[in-house]
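# Structural description and commentary
Single-letter residue listing:
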Amino acid sequence: MKNKLDQIDFKIISILSEEAQMPYTEVAKKLIVSPGTIHARVRKMKEMGLITGASLNLDYSKIGWKLTVFLGIYLSKSSLYKQVMDDLVKINEVVKIHHTTGKFDIFIKMHTRDSMHYREVYQNQVLAINGIKGVESFISVEEKLIRHIQFDS
């Protein structure tokens, strides 16, 4: 895939990763190319599966969701990871799911309103999933950084 991308593509990615909703005309002005060039290149990167959408970053605490928790999940059998991940997707509060190597089989990120809401989701939804042998919880006290890699190539 890297061979199909050039310096302009990487600059487009870097600009849009900072502000995904920036109009193509503004991106074009920054790169001194036509808006049509930006449109065609973004379409190409979407067709390649490189760009899969645009993101909206929320500060959940400002809307009353004050607790961010990471869960390291142990499975009873490692072959159950797809089934368990599919069940975790169904939990609204879960926002990221990773199948991992190392100590945990799966690592997830979730947001809840408070500790009572977390307890309800954890006990009634997460622990109810067949195939989960154990869980370690990590409460986030501060999120410092949300970003994408900036490509200078």
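Placed above this text is the structure.
Residues numbered from 1 in each chain as written. Predicted model: local features only at pLDDT ≥ 70, side-chain atom pairs only at ≥ 80, totals over all residues. Heavy atoms only, no water.

### Description of the overall build of the protein chain
- Scanning the protein chain from terminus to terminus reveals 5 helices and 4 strands.
- Taking 2.2 N^0.38 as the reference for a compact globule, 153 residues should give roughly 15 Å; the C-alpha atoms of the protein chain span a radius of gyration of 20 Å, well beyond that estimate.
- For the protein chain, the C-alpha atoms occupy an extent of roughly 55 × 35 × 25 Å along the three principal directions.
- Residues classed as buried in the protein chain amount to 31% of the 153 residues present.
- Taking all contacts inside the protein chain whose residues are at least 6 apart in sequence as the whole, residues at least 24 apart take part in 66%.
- When the accessible area of the protein chain is evaluated, it comes to approximately 10,400 Å², of which 51% is carbon and sulfur surface.
- Side chains of the protein chain give 22 positive and 17 negative charges; the mean places of these two sets differ by 3 Å. (Helix = DSSP H or I, 4+ residues; strand = E, 2+ residues; numbered from the N terminus. Rg over C-alpha atoms; globule rule 2.2 N^0.38 Å. Buried < 20%, exposed > 50% of the residue type's maximum accessible area, 1.4 Å probe, protein only. Contact = heavy atoms within 4.5 Å. Areas by Shrake-Rupley, 256 points an atom, 1.4 Å probe, with all protein chains shown as cover. Lys, Arg positive; Asp, Glu negative; His and termini not counted. Charge placed at Lys NZ, Arg CZ, Asp CG, Glu CD.)

### Topic: the side chain of His117
- By the element assignment, His117 lies in helix H5 (residues 115–126).
- For His117, the residues in contact, after removing those within four places along its chain, are Trp65, Glu93 and Thr112.

### Focus: the packing of aromatic side chains
- Counted under the stated rule, the structure contains 7 aromatic pairs.
- Arranged with centres 5.2 Å apart and planes meeting at 50 degrees, the rings of Phe10 and Phe151 form a pair that is tilted. Of this pair, Phe10 sits in helix H1 (residues 7–18) while Phe151 sits in the segment after strand S4 (132–139); the two residues are 141 residues apart in sequence, bridging distant segments of the chain.
- The class of Phe151 is partly exposed, set by a relative accessible area of 30%.
- Ring geometry for Phe107 against Phe138: centres 6.1 Å apart, planes inclined by 35 degrees, an arrangement best described as tilted. Of this pair, Phe107 sits in strand S3 (residues 106–112) while Phe138 sits in strand S4; the two residues are 31 residues apart in sequence, bridging distant segments of the chain.
- By relative accessible area, Phe107 is classed as partly exposed at 26%.
- Residue classification places Phe138 among the partly exposed residues on the basis of a relative accessible area of 35%.
- Members of the aromatic cluster, each reached through a chain of ring pairs, are Phe70, Tyr74, Phe104, Phe107 and Phe138.
- When the ring centre of Trp65 is taken as reference, the NZ or CZ atom of Arg113 above it lies at 5.4 Å. (Phe/Tyr/Trp six-rings, centres within 6.5 Å; stacked < 30°, edge-to-face > 60°. Lys NZ or Arg CZ within 6 Å of the ring centre and 35° of its normal.)

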